[in-house]
Amino acid sequence: MPSFNLLLLPGDGIGPEVMKEVEKVIAWLNINTDLKFETEYDLVGGSAYDNHGKAISNEAMKLAHGSDAVIFGAVGGPKWDSVPFDVRPEAGLLRLRKELDLFANLRPAICYKALADASSLKRELVEGLDILILRELTGGVYFGEPKEIIDLGNGQKKAIDTQVYHTHEIERIARVAFELAKTRKGKVTSTEKRNVMISGVFWNQVVTHIHKTEYPEMELEHILADACAMQLVREPKQFDLIVADNLFGDILSDEAAMLTGSMGMLPSASLGSLDEGTKKRNAMYEPVHGSAPDISGKGIANPIAEIASFAMALRYSFNRPLEADLIESSISSALDRNIRTPDIMQDGMEKIGTSAMADAIIEEMNSRIN
Ligand code: IPM
Ligand code: MG
């Protein structure tokens, strides 16, 4: 019986609410398939700060290292707006990404048929949209040093963030891009600001080199990040896979997410390299949406992004594409029942809450095995 160990980190805001729903899906798989998931829990973000003054504890990091996958909720909220920068809730998330070396962040933006009218773009522009934003997640301006505010002593200060990339960091994300492109349309769009940033010139050179020397049969196109942002709303279906650095990937993935109707729909997977010895890779799965403090505690958050993130875990960590498909198609048919959480509410639909949406997805899963 394949047995796996999950670390659940619900975090703050709506994180715990959507995590509760993914636990139902995990329990369902334990009962209805040969998979066996053991779950452990810990704190991250503001809830960890309140408990022990840090955004994630060393003990939780140890559990993360030992797990087969981390399932993450969300962190942050106005309550922690004034805590010191190095222990702010987001620092817990960034520590997980950095120390687990989760350099490849896959953010699919898929427009479910039932939701094409919920997009801010016209139906014909987004219907059938299926693009993947591949974001480099452990480098760039998020982690570059120096990163500080310096007092110049003359009543002035200066602030510095550092955008830095090494050859190997760009090479490994480029390889992931081309490998993923093989399973899609064979085309990679690489984006940077080579007209302004020297790290953009370098990004472009390294991606081009990997293409020429290792993947000449694939198609590679380069686009400036600002033009990419513009084309994403003008004609999103021209893209299949966009690879970007940490900061541009952050921005473009929010934009792509919104094309599909709601941030509440989109999952993500953050993957490390494959360990040739153990044949395992570190991995964390999290919804693209944040902690949404404005709606937390009301039972109205959309659980789909968290549940779809778990489906990605089945695909990328546990090699169980059939169960991943089962969850994804159950999400799609739950939406076909015309039920909606408030974030994707449309005229004529029935408005429901967080757990009712998850229950509907589970009913759909049941109907597929009976
Ligand atoms: C994301 C989020 C994070 C990021 C925040 C919460 C630090 O926006 O995962 O996209 O900027 O990476
Ligand atoms: Mg973001």
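A few points on the structure. These numbers were taken from a predicted model, which means no experiment stands behind them.

A tally of helices and strands in the chain yields 12 helices and 14 strands. For a compact globule of 370 residues, the expected C-alpha radius of gyration is about 21 Å, and the chain comes in at 20 Å, within 12% of that figure. Dimensions of the chain along its principal axes, counting C-alpha atoms only, are 65 × 50 × 50 Å. By the burial criterion, 53% of the 370 residues in the chain qualify as buried. When contacts within the chain are restricted to residue pairs at least 6 apart in sequence, long-range pairs at least 24 apart make up 73% of them. Carbon together with sulfur atoms contributes 53% to the accessible area of the chain, which is approximately 15,900 Å² in total. Across the chain, the 39 positively charged side chains and the 55 negatively charged ones have centroids separated by 2 Å.

Moving on: the site of ligand 1. For ligand 1, the full set of nearby residues is E90, L93, R97, R107, R135, Y142 and D250. Taking Y142, its side chain carries an N or O atom lying 2.5 Å from an oxygen atom of ligand 1. Contact with the protein chains covers 76% of the free accessible surface of ligand 1, which is 320 Å². At 3 residues, helix α4 (residues 89–99) tops the list of elements feeding residues into the shell around ligand 1. Class assignment for the residues of the shell around ligand 1 results in 2 nonpolar, no polar and 5 charged.

Turning our attention to the pattern of salt bridges. According to the stated counting rule, one finds 28 salt bridges in the structure shown. For the salt bridge of K24 with D359, the shortest nitrogen-to-oxygen distance reads 2.9 Å. One end of the pair, K24, is in helix α1 (residues 15–32); the other, D359, is in helix α12 (residues 354–369), and 335 residues separate them in sequence. Here K79 and D50 are joined by a salt bridge, their closest N and O atoms 2.6 Å apart. Remark: D50 occurs in helix α2 (residues 46–52) and K79 occurs in the loop between β3 (69–74) and α4; sequence separation between them is 29 residues. Residue classification places K79 among the exposed residues on the basis of a relative accessible area of 60%. Overlapping salt bridges, with partners in common, bring together K113, D117, R123 and E127 in one network.

The next thing to look at is the environment of R234. Structurally, R234 is set in helix α8 (residues 225–234). A distance of 3.1 Å separates a polar atom in the side chain of R234 from a polar atom in the side chain of Q231. For R234, the side chain forms a polar contact with the side chain of E235, separated by 3.3 Å.

Bringing the pairing of strand β8 (residues 187–192) into the picture now. Among the 6 residues of β8, 6 are classified as buried, and the element is accordingly described as predominantly covered. What you see with β8 is no split at all: K187, T189 and T191 on one side and V188, S190 and E192 on the other are buried throughout. Judged from the 6 bridges that link them, β8 and strand β9 (residues 219–224) form a sheet pairing that is parallel. Each residue of the ladder has a partner; that of T189, found in β9, is E221. Assessed by its sense of winding, the connection that carries the chain from β8 through helix α7 (residues 198–214) to β9 is right-handed. For β8 and strand β10 (residues 241–244), the ladder comprises 2 bridges, and the chain directions are parallel. Considered in β10, the bridge of T189 is made with I242.

So, how was this worked out
- Residues numbered from 1 in each chain as written.
- Chains lettered and ligands numbered in written order.
- Predicted model: local features only at pLDDT ≥ 70, side-chain atom pairs only at ≥ 80, totals over all residues.
- Heavy atoms only, no water.
- Helix = DSSP H or I, 4+ residues; strand = E, 2+ residues; numbered from the N terminus.
- Rg over C-alpha atoms; globule rule 2.2 N^0.38 Å.
- Buried < 20%, exposed > 50% of the residue type's maximum accessible area, 1.4 Å probe, protein only.
- Contact = heavy atoms within 4.5 Å.
- Areas by Shrake-Rupley, 256 points an atom, 1.4 Å probe, with all protein chains shown as cover.
- Lys, Arg positive; Asp, Glu negative; His and termini not counted.
- Charge placed at Lys NZ, Arg CZ, Asp CG, Glu CD.
- Near = heavy atom within 4 Å.
- Polar contact = N/O pair within 3.5 Å; in protein donor to acceptor, adjacent residues only side chain to side chain.
- Nonpolar A, V, L, I, M, F, W, Y, C, P; charged D, E, K, R; others polar.
- Salt bridge = Lys/Arg side-chain N within 4 Å of Asp/Glu carboxyl O.
- Pairing = 2+ DSSP bridges.
- Right-handed = clockwise from strand over helix to strand, strands pointing away.

Distances and angles like these do not, on their own, reveal function.
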